[in-house]
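# Inside the fold
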Amino acid sequence: MRWLLGATVACIAGAAVLLALKGSQIMTAAGIVLGGTAFVLVLSAGFYAVGRSEDRERAARPGGPNEPGALTLSLNPFGTTACIRECLEGPPN
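Residues numbered from 1 in each chain as written. Predicted model: local features only at pLDDT ≥ 70, side-chain atom pairs only at ≥ 80, totals over all residues. Heavy atoms only, no water.

## Thoughts on the confidence of the model for the protein
- Per-chain confidence: the protein averages 76 in pLDDT, with 67% of residues scoring 70 or above.
- Here residues 79–86 scores under 50 on pLDDT; set against residues more than four positions off or in separate chains, the count is 25 contacts. (pLDDT = per-residue confidence, 0-100. Contact = heavy atoms within 4.5 Å.)

## Digging into a nonpolar patch on the surface
- Taken together, the side chains of Phe-39, Val-40, Leu-43 and Phe-47 make up a nonpolar region of the molecular surface, amounting to roughly 460 Å² of accessible area.
- Structurally, Leu-43 is set in helix α2 (residues 25–59).
- Given the relative accessible area of 41%, Leu-43 is considered partly exposed. (Patch = residues over 30% accessible without salt bridge, like charges linked within 9 Å, V, L, I, M, F, W, Y side chains within 5 Å. Areas by Shrake-Rupley, 256 points an atom, 1.4 Å probe, with all protein chains shown as cover. Salt bridge = Lys/Arg side-chain N within 4 Å of Asp/Glu carboxyl O. Helix = DSSP H or I, 4+ residues; strand = E, 2+ residues; numbered from the N terminus. Buried < 20%, exposed > 50% of the residue type's maximum accessible area, 1.4 Å probe, protein only.)

## Notes on unusual backbone geometry
- With a phi close to 50 degrees, Lys-22 is a non-glycine residue in the positive phi region.
- Along the chain, Lys-22 falls in the loop between α1 (2–21) and α2.

## Focus: the packing of α1 against α2
- Interaxial distance between α1 and α2 falls to 8 Å at its minimum, and their mutual angle equals 155 degrees. As the angle between them shows, α1 and α2 are arranged roughly antiparallel. Read as a crossing pair, α1 and α2 show a hand that is left-handed.
- A breakdown of the residues in the contact of α1 with α2 according to their chemical character gives 17 nonpolar, seven polar and no charged. (Axes fitted to C-alpha atoms, helices over the stretch in contact; angles between N-to-C directions. Parallel < 35°, antiparallel > 145°, perpendicular 65-115°, else oblique. Left-handed = near helix turned anticlockwise from the far one by under 90°. Nonpolar A, V, L, I, M, F, W, Y, C, P; charged D, E, K, R; others polar.)

## Description of the nonpolar core
- Among the nonpolar cores identified, the biggest contains five residues, and these are Leu-4, Cys-11, Ala-38, Leu-41 and Ala-45.
- Elements represented by at least two residues in this core include exactly α1 and α2.
- The element contributing the most residues to this core is α2, with three residues.
- Once you skip the residues sitting within four places of it in the chain, Ala-38 turns out to touch Thr-8, Cys-11 and Ile-12. (Core = buried A, V, L, I, M, F, W, Y, C linked by side-chain atoms within 4.5 Å.)

And the structure:
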């Protein structure tokens, strides 16, 4: 996570420097590209943090992450589908 935040800060700083210099069109384009990359990195860091917290919460359950009724993700050749285990196996006893 630290390397992700470091890369984000580096992209923001690089974009700010390139855009502040007001040089050639190539420098401006590079600044815009770095700014867009920083934006994508910020979004991915947010989703990563949320996913990690959900993983920690699931692992802390008494039944562990495989407790009946837990949300599971299955990967198939047609994309990612989410199914609720309780619907497939029935309610827990």
